[in-house]
Structures are given as C-alpha cells and as structure tokens.
Amino acid sequence: MKNTIISVKDLVKNYGEFKAVKGISFEVFEGEIFGLLGPNGAGKSTTLEIIETLRPKTSGEVIVDGYNLDKSPGGIKKIIGVQLQSSGFYPGLNLLQLVDLFCGLYNKKMDPMELLDMVNLKEKAKAKVKELSGGQKQRFSVATTLINDPKIIFLDEPTTGLDPQARRNLWELIKQIRERGTTVIITTHYMDEAEYLCDRVAIIDGGEIIKLDTPDQLIDNLIASGFERKKEMKLANLEDVFISLTGRSLRDS
Ligand code: ADP
Ligand code: MG
C-alpha cells in the first residue's frame, strides 16, 4: 500500500488581513510526483515554503515523514531538498566549488563531478552560475537539492521561462530522480507538464484546493460530465511542430 510521507491538515496562512491559504488538507505518498497546480497567487509557494519550514503558518498541522512541523522542524530539514533561486548562489564560485560548499554544509561526502554529470553539466564544472543558460541554471539548482540525499524534494515552478527542449530535458531529470525513490513535490501552471510528470495533482485556487486526483481521473471525470472540446483537435500542435523542426537536443551548452 502507499505510505503517506507528507500530511497537511487544515493549513491556514494569513498575511495580515489577507487569507492566502484557507484551511487546505492533502497527503503526499512516498515515491510519487505530486503536483500543486494553480494560477499565480493561488498559494502554491506559500504552502510549499511552510512545509519546507521556511515560512511560519497561521494554523493547521503539517507532518513530514513522521516529523511534526511544530515540534521537529530540524527533523524535516534533514530529509528534504529545497531548490534555491539561482540568485541565491555565491556569485564568485564555480559549479564545482558550489557543490563542494553544499557538501560541507550538509556534512556529506559525494563526488561533485558525479552530481554534475547526472544533470549533464560536467562540461560546465568550472563555469559560474551567471554564465549558464536558463535550462542549465535550473538543472544546477535541481542538482543542489540532491546533495543531502533527501527523501523528498520541492521544486517550485522549475520550468518557468525555459524553451521546449530545456523543459523536456528537465522533465526527464525529474523522472530520473523519482526513479531513485525520491518523492517529488512540484508546482507548475503548465498543464502539459503536470499531465506528463505528476502521479496526482491538487488544483489550488484562491488558497483552496478545488480538486485532488490523478490527471487521468480528472480528465475522465470532466468527460463523464459531458464536456467536449469545442474545436476538433488536430493530431499535433504548434509545440510538436517546433520540436520536430528544431529537434529534442539541448541547445544550452
Ligand atoms: P503562488 O505561488 O501560487 O503564485 P503565493 O503563495 O506566492 O502564490 O502567494 C499567494 C498570495 O499570498 C498572493 O496573493 C500573494 O500576493 C500573497 N503573498 C505571498 N507572500 C506574501 C507576503 N510575504 N506578504 C503578503 N502577501 C503575500
Ligand atoms: Mg509561487
């Protein structure tokens, strides 16, 4: 059976008078890719950052791998990997030095080159973050989430702003990470991405979860309710055209 690795109950976050998260509850299963989908301002980042122990909640209960957020935030920190914005990296250091630094911070021994190789950045080992393309930056920041060998990683809009090749490349990396047994929570407002990657998704809007299910079930439910697409679907879309013309290979190195 599926084990629950994250349990969120009646989570509320108010910023002053403003209610950003209005009492949401959900569970994430061990080993799945769980998506939080919603438009800008829905409360996705707030929810993630509370679970990551980076932002205080107003009320509610959060349990991560048996650790209660109120009692053992330190326990949670040890088993999670959080993606930093690339602006958060020391600008003077190259990728190899940054990975070394993180290994020291987490007291982990690992081969930095092996990690860079996993995210296809071996050739960029001596480059600084500001010298990387958007896709490379994102791959590097995903790589840094893996340094403490986390049970769960959190990715907040990891593909926003990437070109289609870099997006697909990052999707494969995320799948690879899940195949190693890591649970992944991802936020996105790209539905094709959620459909491709996520085992289950919660659709969140205005601080509330409106629906939570597998992408397949959500689509089947909509069809069963009598929904039909207005326009007849062609067998390909413009993104297919773009990918077939420009190929799948990465252009960022
Ligand atoms: P999302 O990640 O889904 O785009 P956020 O969680 O960042 O949404 O934000 C949810 C709502 O809370 C937004 O309306 C946002 O403006 C507001 N908000 C986020 N952070 C703060 C803050 N530090 N102070 C006040 N309001 C905030
Ligand atoms: Mg956000």
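That block above? That's the structure.
Let me begin by describing the structure that accompanies this report.

## Quick notes on the sheet that holds strand E1 (residues 4–15)
- Ordered in space as E2-E1-E4-E5, the four strands form an open sheet in which the pairing is antiparallel. Whereas interior strands pair on both sides, the edge strands pair on one side only; in this sheet they are strand E2 (18–29) and strand E5 (67–68).
- For E1 and strand E4 (residues 59–64), the ladder comprises five bridges, and the chain directions are antiparallel. In the strand pairing of E4, Ser7 is matched with Ile63.
- Against the sheet, helix H1 (residues 44–51) engages E1, E2 and E4, with an angle of about 120° to E1.

## Thoughts on helix H5 (residues 134–145)
- If you check H5, its first and last C-alpha atoms are 17 Å apart, about what 12 residues at 1.5 Å a residue would give, namely 16 Å.
- The element H5 is extensively covered by neighbouring structure, given that 10 of its 12 residues are classed as buried.
- Of the residues making up H5, those classed as buried are Gly135, Gln136, Gln138, Arg139, Phe140, Ser141, Val142, Ala143, Thr144 and Thr145.
- Looking at the packing, one finds that the buried side of H5 touches strand E6 (80–82), helix H3 (95–106), helix H4 (112–118), strand E7 (152–156) and helix H6 (164–179).

## Focus on the sheet that holds strand E9 (residues 200–205)
- The strand order across the open sheet built from six strands is E6-E7-E8-E3-E9-E10, with neighbouring strands paired in mixed fashion. What marks the edges here is a single partner per strand, and that holds for E6 and strand E10 (208–213). The mean inter-strand angle of the sheet, taken between neighbouring strand axes irrespective of direction, is 15°.
- Pairing geometry for E6 and E7, over three bridges, is parallel. When the sheet's bridge partners are listed, Val82 is paired in E7 with Phe154.

## Focus: the pairing of E4
- Both E4 and E5 contribute to a ladder of two bridges, which runs antiparallel. Of the residues in E5, the one forming a bridge with Ile63 is Asn68.
- Here E4 hands over to E5 after two residues, with Asp65 in that stretch at a positive phi of 50°.

## So, the packing of aromatic side chains
- As enumerated under the stated definition, the model contains four aromatic pairs in all.
- With a centroid separation of 5.4 Å and 5° between ring planes, the pair formed by Phe26 and Phe34 is classed as stacked. Both residues of the pair, Phe26 and Phe34, belong to the buried class.
- Seen in terms of ring centroids, Phe89 and Phe102 are 6.0 Å apart; in terms of plane orientation they differ by 85°. Their pairing is edge-to-face.

## Observations regarding the pattern of salt bridges
- The full count for this structure, using the stated rule, is 10 salt bridges.
- For Asp65, the salt bridge goes to Lys151, with nearest N and O atoms at 2.8 Å. You can see Asp65 sitting in the loop between E4 and E5 and its partner Lys151 sitting in the loop between H5 and E7, a full 86 residues away along the chain.
- Lys151 gets classed as partly exposed once you look at its relative accessible area, which sits at 37%.

Reading the values: rules and limits
Each chain has its residues counted from 1, following the order in which its sequence is written. Naming scheme: in the order in which they are written, chains are lettered from A and ligands are numbered from 1. The model is predicted, so local features are restricted to residues of pLDDT at least 70 and side-chain atom pairs to those at 80 or more, both for listing and for counting; the totals for chains, interfaces and linings are taken over all residues. Side-chain metrics in this entry use all non-hydrogen atoms of the structure; hydrogen atoms and water are not considered. A pair of strands is considered paired only if DSSP assigns at least 2 bridges between the two. In DSSP terms, a helix is any run of H or I states spanning at least four residues, a strand is any run of E spanning at least two, and both are numbered starting from the N terminus. Contact between two residues is taken to exist if any of their heavy atoms lie within 4.5 Å; hydrogens are not considered. Between N-to-C directions, angles span 0 to 180 degrees; the directions come from axes that are lines fitted to C-alpha atoms, helices contributing only their stretch in contact. In this analysis, the expected span of each helix is defined as 1.5 Å times one less than the number of residues it contains. Under the scheme applied here, a residue whose accessible area is under 20% of the maximum for its type counts as buried, over 50% as exposed, and between as partly exposed, the area being computed with a 1.4 Å probe on protein chains only. Only rings of Phe, Tyr and Trp enter the pairing, Trp through its six-membered ring, and a pair is recorded when the two centres are within 6.5 Å. The plane angle decides the type: under 30 degrees is stacked, over 60 is edge-to-face, the rest tilted. Salt bridge, as applied in this entry: a Lys or Arg side-chain nitrogen positioned within 4 Å of an Asp or Glu carboxyl oxygen.

These results come straight from atomic positions and should not be treated as a statement about function.
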